[in-house]
Amino acid sequence: MSASETAIARPASRRLARSKERMERLMFLVPAGVYLVALTIFPFVYSVYLSLHQAKLTKLHRMRFIGFDNYAELFTDSLFLDACRNIAVLTVSSITVEILIGFFAAKVFFSLRETRVGAVLRSASIVPMMITPICIGLIFSYIFNPNLGIANFLLGEIGISPLGWFSDPSLALATVILINSWQWTPFMMLLMLAGLMSIPAEQYEAAEIEGAKWYHIAAWIEIPAIRGIVLVGIILRVIDNLRLFDIVYVTTRGGPGSSTEIVTFFAYKQDFQYFQVGYGSAAAVVILFASVIITAITVKYLRSAEDD
Amino acid sequence: MTKQLLMATVAASVVLAAAPAVAETDWDSLLGDHSGKSINMMVVNDPYIEAIRKMESKFEGLTGAEVTTDGFGYDPLHEKEILGCSQQDDQYDVLFIDGIWVGEFVEADCLEPVEDLWGDTDPAIIAWDDFVGSIAGQAQWGGKTYCLPVGAYWQVMHYRKDLFDKAGLKVPETFEETMEAAKFFTNNPDYPGMSGYAMNNRRGAAAGQQYFEWIYSAGGKPWESNYPGSEEPYADQTPLLNSEKSVELVKFFHDMVAYGPPGGEQYQWDDRFNAFAQGKVAMINAWSVRTPGLSDPAKSNIVGKWASAQMPHAKGEKTVPPVGGWIMCLNKHSKNKEAAWDFMRWFASPEIHKEWAMIGGVPSRHSAFQDPEIQEKLPWTKELYTAAKTAWTEGRPRHPLTFEMIDAIGLQVNRAIIGEATPQEAMDTAQEEVTEMLKSEGILK
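Residues numbered from 1 in each chain as written. Chains lettered and ligands numbered in written order. Predicted model: local features only at pLDDT ≥ 70, side-chain atom pairs only at ≥ 80, totals over all residues. Heavy atoms only, no water.

### Looking at the overall build of chain B
Looking only at helices and strands, chain B features 19 helices and 11 strands. If you line up chain B on its principal axes, its C-alpha atoms span 65 × 55 × 40 Å. Look at the contacts in chain B between residues 6 or more apart in sequence, and 75% of them connect residues 24 or more apart. When the accessible surface of chain B is totalled, it reaches about 16,500 Å², and 50% of it is carbon and sulfur. (Helix = DSSP H or I, 4+ residues; strand = E, 2+ residues; numbered from the N terminus. Contact = heavy atoms within 4.5 Å. Areas by Shrake-Rupley, 256 points an atom, 1.4 Å probe, with all protein chains shown as cover.)

Here it is in structure tokens:
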């Protein structure tokens, strides 16, 4: 091989090596790509496809394209609108309760951070988060059972008439919020505790020298310091609440009336009880877009807060 | 109704004339050898499931096939069966389905018609006419027999005989008398902690089915051509959910809450049974599958203190007892059809059916109801048999929209019960929704 031929061959072999390298890199991405397509992209695309059809699982051969009719029907369906209202109330109330109680719990654990009791209590406090929601639902249906539950027994002991925790329409959603908050307050508490622990000790010392009260410290040092981490917690809890299902399924099944109907339960009923998969898919797509929009707004707010 | 009664009487006479209906069968020669095979069954988690499990080993001894019975709740069973069918799943060979789902399952092509299977089986083994007519009809669709109606339930009213006798109260026959009796026992210092009547008020299937259980005795009908004795109950399905009788009935449900146990608005099947069994309510109506539990000291505090009567009716009307229960079907996608069919015809036969009823199953055959041993062990079946013979087969609608329709009505009935809407408003909404539902399926124009 002449010198000029070698010079031509070298870039060619380099190109070959580079494309081989690229192929190898791509090969590493294939499993993740397949996973993404099979479990995320395809189901999503198929859901959107189904949502544009009148489709019943038991009669898929009679499926027909109806455009956006399912969506139009959804937003005139009083039960779906009740479900949207309920999930909004549930999300805002649960997260508010979780932040308020979580903050004070975090303060207690922060003050006990160097004691053995504090370590033990901290571990014990996260147990609710580790129990599956279906078990939580079952446990609370016994606790709030109108006849045999301990909740009404204790109320009776202090002279209060038994409450219809799940049967009184004005109380049922509040009971679900109570259960949901009980389970997830430790999550907020842990996030805020981590935030508190990241505050430099000098800031506390300076505040003490200045004679600041505890609420001054909370307002001017702690809350600004943990604001970012709390926003992350809010995003995660908003998404969690939008896909809340198990607790409602076990305790109230959306009732009494439509007082605890939520969007996931609505979609579940359409898909798996009535097998109206077109209409159910439309509900699922709406839930997905609502999650994406709410998350995007919160992330935007988070970024602007961080920039400040 | 007269025609129905006549037919039931004739059928019963035929069965008795063909005695001994419950003769010993040579199962060894009749059933195949299915060693090494397994038969999986999906069954609702109702109390009779334990009695089914007790029968498994007997069939295993006869044929070598291993039988497994898996129990599921009412809604999950429906969901799992339809999803399995849509995926042509062969995991379960025998499916117990609620009689009212038959249309939905046939349309989804889930069932192998048993009529095509029984071929040269001795008619005495199937003994079709021995099944009580009001449940037998639920195993048929479009003129074809798809399943075997082995798990029939009917409803009667159970009441605390001891308390009624002590108070000198007459057993109620009308809605008004029922409410008066319920009122008497509620918040009465002589009966501390006692409520009058526990109903099935929970949103969804519970309240929806309750509506159908009472509407005919209220003198109403759910749609135009669905009434006891109708020759063509599906000819005109124009809903009558907001008719005067219908709204009155829902108002009755609402008013009865005041005489029910605390939290009664959320009660469903188990809750009302448990409240009665614990001695907390004076009256319930319940499906017959739970009735044996009232005589079981492990489940009941009122053993020997209760009795049964026909369900009440509106003034000037007649009681039309509800019929429900489970039909045993062969999964079209089963790979063990031969073994599964052998199990089905064995299990459903009058002889084995009696054995099953004696250990906690539900009498569904004339021969079982008329059997002296059963009558002695389960004396309440006498009242139940009267209900069984007068029940209206189409009392709960059997068509492909059944599940959805009952759920939608159940939501509105529950809304009226808890006061979220007036009975008129709730039933107007139910009327509108069911009409839309039927229109979307092309059933109504």
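More follows now that the structure is in view.
### Some thoughts on the nonpolar core
Formed by 128 residues in total, the largest nonpolar core has its most connected members in Tyr48, Phe96, Leu111, Tyr211 and Phe347 of chain B. Dropping the residues within four chain positions of it, Phe96 of chain B is found in contact with Met41, Met42, Val43, Tyr48, Ile52, Leu77, Glu81, Val150, Trp326, Ile327, Met328 and Phe347 of chain B. Counting 58 residues, the second-largest nonpolar core is a separate cluster that includes Phe110, Ile177, Met189 and Leu193 of chain A. (Core = buried A, V, L, I, M, F, W, Y, C linked by side-chain atoms within 4.5 Å. Buried < 20%, exposed > 50% of the residue type's maximum accessible area, 1.4 Å probe, protein only.)

### Observations concerning the packing of helix α11 (residues 244–256) of chain B against helix α19 (residues 423–440) of chain B
All names here are of chain B. Contact geometry of α11 with α19 gives a least axis separation of 9 Å together with a crossing angle of 125°. By the angle between their directions, the pair α11 and α19 is classed as oblique. Handedness of the crossing formed by α11 with α19: right-handed. Of α19, the residues touching α11 (which contributes Ser246, Val247, Val250 and Lys251) are Pro423, Gln424 and Met427. Looking at side-chain class alone, the contact of α11 with α19 contains four nonpolar, two polar and one charged residues. (Axes fitted to C-alpha atoms, helices over the stretch in contact; angles between N-to-C directions. Parallel < 35°, antiparallel > 145°, perpendicular 65-115°, else oblique. Left-handed = near helix turned anticlockwise from the far one by under 90°. Nonpolar A, V, L, I, M, F, W, Y, C, P; charged D, E, K, R; others polar.)

### What to know about the interface of chain B and chain A
Across the contact, 31 residues belong to chain B and 33 residues belong to chain A. Of the roughly 2,700 Å² buried between chain B and chain A, counting both surfaces, carbon and sulfur atoms make up 49%. Looking only at chain B, the three residues that lose the most surface to chain A are Arg203, Gln266 and Glu404 of chain B, adding up to 21% of its buried area. Remark: the boundary between chain B and chain A carries five salt bridges. Here chain B is connected to chain A by 15 residue pairs in polar contact (both at pLDDT 80 or more). Listing elements by their share of the side of chain B that touches chain A, those giving two or more residues are α4 (74–86), α5 (102–107) and α18 (402–418) of chain B. Of the residues belonging to the side of chain B that touches chain A, the class tally is 11 nonpolar, seven polar and 13 charged. (Buried area = accessible area lost by both parts, 1.4 Å probe. Salt bridge = Lys/Arg side-chain N within 4 Å of Asp/Glu carboxyl O. Polar contact = N/O pair within 3.5 Å; in protein donor to acceptor, adjacent residues only side chain to side chain.)

### Description of the packing of helix α6 (residues 133–143) of chain A against helix α8 (residues 172–197) of chain A
Residue and element names in this part refer to chain A. Following both chains from N to C, one finds α6 and α8 inclined at 130°, their axes separated by 11 Å at the closest point. By the criterion of interaxial angle, the relationship of α6 to α8 is oblique. For the crossing formed where α6 meets α8, the hand is right-handed. Facing α6, whose interface residues are Pro133, Ile136 and Phe140, α8 presents Ile179, Trp182 and Gln183.

### Some details on helix α14 (residues 350–358) of chain B
Residues and elements named next belong to chain B. Counting buried residues in α14 gives eight out of nine residues, a clear majority hidden from the surface. Of all the residues in α14, the buried ones are Pro350, Glu351, Ile352, His353, Lys354, Trp356, Ala357 and Met358. Gly360 sits one or two positions beyond α14 and adopts a positive phi of about 120°.

### So, the state of the cysteines
Residue and element names in this part refer to chain B. With the rule as written, the count across this model stands at two disulfides over all chains. A disulfide bridge connects Cys147 with Cys329, and the sulfur atoms are separated by 2.1 Å. Classification of the bridge connecting Cys147 and Cys329 rests on its S-S torsion, roughly 105°, and on that basis the disulfide is right-handed. Placement of the pair is Cys147 in strand β7 (residues 147–160) and Cys329 in strand β11 (residues 323–331), with a sequence separation of 182 residues. (Disulfide = S-S within 2.5 Å.)

### Here we look at a positive patch on the surface
Residues and elements named next belong to chain A. On the surface, Arg10, Arg14, Arg15, Arg18 and Arg22 cluster together into a patch of positive charge. With respect to the helices and strands, Arg10 occurs in helix α1 (residues 3–51). The class of Arg10 is exposed, set by a relative accessible area of 53%. (Patch = residues over 30% accessible without salt bridge, like charges linked within 9 Å, V, L, I, M, F, W, Y side chains within 5 Å. Lys, Arg positive; Asp, Glu negative; His and termini not counted. Charge placed at Lys NZ, Arg CZ, Asp CG, Glu CD.)

### Examining the UniProt feature "transmembrane region" (unreviewed entry) in chain A
Per the UniProt record, "transmembrane region" (unreviewed entry) is found at residues 26–49, 87–112, 124–144, 217–239 and 279–302 of chain A. With 100% helix and 0% strand, the stretch residues 217–239 of chain A has end C-alpha atoms that lie 31 Å from each other. (UniProt positions renumbered as here; feature names shortened; annotations may be inferred.)

### Some details on the pattern of salt bridges
Per the stated rule, a full pass over the model turns up 33 salt bridges over all chains. Two residues, Asp407 of chain B and Lys269 of chain A, come together in a salt bridge whose shortest N-O distance is 3.7 Å. You can see Asp407 of chain B sitting in helix α18 and its partner Lys269 of chain A sitting in helix α12 (residues 263–273), one on each of two chains. By relative accessible area, which is 9% here, Asp407 of chain B ends up buried. Residue Lys251 of chain B pairs with Asp255 of chain B through a salt bridge whose shortest N-O separation is 2.9 Å. Of this pair, Lys251 of chain B and Asp255 of chain B both sit in helix α11, four residues apart, roughly one helical turn. Its relative accessible area of 44% is what places Lys251 of chain B among the partly exposed residues. For Asp255 of chain B, a relative accessible area of 23% gives the class partly exposed. One network of salt bridges, in which partners are shared, links Glu98, Arg237, Asp240 and Arg243 of chain A.

### Some words on the side chain of Arg396 of chain B
Along the chain, the position of Arg396 of chain B falls in the loop between α17 (381–390) and α18. Separated by 2.8 Å, the side chains of Arg396 of chain B and Asp98 of chain B make a polar contact.

### Observations concerning the pairing of strand β1 (residues 38–44) of chain B
All names here are of chain B. Within β1, five of the seven residues are buried, which leaves it mostly tucked inside the rest of the structure. Inspection of the sheet shows β1 paired to strand β2 (residues 66–72) by seven bridges, in the parallel sense. From the neighbouring strand, Ile39 faces β2, where its bridge partner is Val67. Since β1 and β2 lie parallel, the crossover through helix α3 (residues 49–63) that links them has a hand, and here it is right-handed. (Pairing = 2+ DSSP bridges. Right-handed = clockwise from strand over helix to strand, strands pointing away.)

### Concerning the confidence of the model for chain B
All names here are of chain B. Summary statistics for chain B give a mean pLDDT of 92 and a share of 95% for residues scoring 70 or more. A low-confidence stretch, residues 1–21 stays under pLDDT 50, and its non-local contacts, those more than four residues away or across chains, total 21 contacts. Predicted complex metrics record ipTM = 0.84 and pTM = 0.86. (pLDDT = per-residue confidence, 0-100.)

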